[in-house]
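Summary of structural features
Given next are the chains, with one letter for each unit.
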Amino acid sequence: MAKPVSIEVWNPNGKYRVISTKPMPGTRWINLLTQQDCRVEICTLTKTILSVEDIIALIGDKCDGVIGQLTEDWGETLFSALSKAGGTAFSNMAVGYNNVDVNAANKYGVAVGNTPGVLTETTAELAASLSVSAARRIVEADEFMRAGLYDGWLPHLFVGNLLKGQTVGVIGAGRIGSAYARMMIEGFKMNLIYYDLYQATRLEKFVTAYGQFLKANGEQPVTWKRASSMDEVLQQADVISLHPILDKTTYHLINKERLSKMKKEAILVNCSRGPVVDETALVEHLKQNPMFRVGLDVFEEEPYMKPGLADMKNAIVVPHIASASKWTREGMATLAALNVLGKIKGYPVWSDPNRVEPFLNENAPPPAASPSIVNAKSLSLPVSKM
Ligand SMILES: NC(=O)c1ccc[n+]([C@@H]2O[C@H](COP(=O)([O-])OP(=O)(O)OC[C@H]3O[C@@H](n4cnc5c(N)ncnc54)[C@H](O)[C@@H]3O)[C@@H](O)[C@H]2O)c1
């Protein structure tokens, strides 16, 4: 076995060698693995992003499974190295897996796990927070206050946008997009316009029912509209939040031309993936339109920002923390560990990756299944009957 870099070892005599490329929150994920005869090795290198070479060194000559991170490049080289070391399981500690070449994993017969079901509300809450912070210029006002510049109330001081009765636009109304839409509709009584390749029936039903409830209580009902094109959302919405997956069809979905279609005082939020937005075009748009505001959790070339972005007062930037609640991060670690464990043990794949509560219940052993394997079909893995 190649001498690994800097690692912490749990249950050294475990039969199956499972590596986590990063320390992950909580200890339940470690206990679940060690109780099932796994030797768990956690890379403790202080370097934030591990290179392919670092991970090859970690995998060594014998490795049954790896839990990795979205910052790592899981392609042909790593899946080949894992397979050569006898490994059959990999899980991203993330719901998105645009850093994983699933075809390469299929070629080497490696199962690829992800962690849906625990990030939805937490990520949507950050998108909602960025929307409100941008609308009410909270970060700018905080900086002003700390700089000692506040010398009394003024009618024009940090005037922003009222959300109530305005239109919220959602692009990609899947799990997170729909949860975000509900928060903005319930919380601020905004009307909805959305664009997705598929109809968000449950979301539509919710807005209809909520509108009826408001009307019955003598309030203005909220409305919804499924846009036939993305441009319709860009033109009509006051706040637009991006929640599609990142793939070839969504790369630079928001570019110079599309930015120009948005209202001059609109707010754009991105908690999906950085390359969904052409960040250079965005910086230029922010310069030209001082009342246009953005809230960004993700960046085109993380960890960097495109030149000029950090200087823009009309941009709020946070370091990819949308899923960073304790409950979510511990849940992600648990699901990633169970994805790997399930494959190693030959368990079936859970039938509904969105219904993961049984795996998160700390008072009962988790089901004998992998919670979410994205290439289960390609690898013809059995599906749990539960
Ligand atoms: N910032 C973060 O920390 C963070 C956290 C969680 C998820 N994410 C990102 O959010 C993404 C969405 O997560 P989810 O759980 O809601 O996924 P999801 O699969 O439930 O939803 C994605 C939606 O996007 C739609 N879509 C795909 N291509 C589209 C297109 N070209 N135009 C419009 N809509 C399109 C899909 O039909 C689907 O409804 C993830 O893939 C991930 O990249 C980021």
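What you are looking at is a predicted structure, and each value in this text was computed from that prediction instead of being measured.

How each quantity is defined
- Residues numbered from 1 in each chain as written.
- Predicted model: local features only at pLDDT ≥ 70, side-chain atom pairs only at ≥ 80, totals over all residues.
- Helix = DSSP H or I, 4+ residues; strand = E, 2+ residues; numbered from the N terminus.
- Buried ≥ 20, exposed ≤ 12 C-beta atoms within 10 Å, placed from the backbone.
- Contact = placed C-beta atoms within 7 Å.
- Domains from an automatic or database assignment.
- Pairing = 2+ DSSP bridges.
- Axes fitted to C-alpha atoms, helices over the stretch in contact; angles between N-to-C directions.
- Near = placed C-beta within 6 Å.

**Looking at the overall build of the protein chain**
When its secondary structure is counted, the protein chain shows 13 helices and 13 strands. By principal-axis analysis of the C-alpha atoms, the protein chain measures approximately 70 × 45 × 35 Å. Burial statistics for the protein chain: of 386 residues in total, 43% are counted as buried. In the protein chain, of all internal contacts separated by at least 6 residues, the share reaching a separation of at least 24 is 69%.

**With respect to the domain arrangement of the protein chain**
With domains assigned, the protein chain is organised as domain 1 (7-118 + 325-360) and domain 2 (120-317). The C-alpha centroid of domain 2 is placed 33 Å from the C-alpha centroid of domain 1. Contacts between domain 1 and domain 2 engage seven residues on the former and seven residues on the latter.

**Comments concerning the sheet that holds strand β1 (residues 7-10)**
Pairing is mixed across the open sheet formed by six strands, whose spatial order is β1-β3-β2-β4-β5-β6. Each edge of the open sheet carries a strand with a single partner, namely β1 and β6 (111-113). Neighbour to neighbour, the strand axes of the sheet diverge by 15 degrees on average, direction disregarded. Pairing of strand β2 (residues 16-20) with strand β4 (residues 65-68) involves three bridges; the strand directions are parallel. Across the sheet, residue I19 finds its bridge partner in β4, namely V66. Each of β2, β3 (38-43), β4, β5 (89-92) and β6 is contacted by helix α12 (residues 326-345), which is oriented at about 165 degrees to β5, the strand it contacts most.

**Let's talk about the site of the ligand**
Lining the immediate surroundings of the ligand are 30 residues, of which G96, G172, G174, I176 and A322 lie closest. Residue contributions to the shell around the ligand reach at least three from each of two domains, namely domain 1 (7-118 + 325-360) and domain 2 (120-317).

**Overview of the environment of N114**
With respect to the element layout, N114 can be found in the loop between β6 and α5 (120-135). When the C-alpha positions of N114 and S370 are compared, they lie 10.0 Å apart, and in sequence the two are 256 residues distant.

**Some points on the sheet that holds strand β10 (residues 239-242)**
Strand order in the open sheet formed by seven strands is β9-β8-β7-β10-β11-β12-β13, with parallel pairing between adjacent strands. A single partner strand is all that each edge strand has here, and the edge strands are β9 (224-226) and β13 (315-317). Direction aside, neighbouring strands of the sheet carry axes that sit 15 degrees apart on average. Here strand β8 (residues 191-195) runs beside β9; their pairing, made up of three bridges, is parallel. Residue pairing for β9: Y194 is matched across the bridge by R226.

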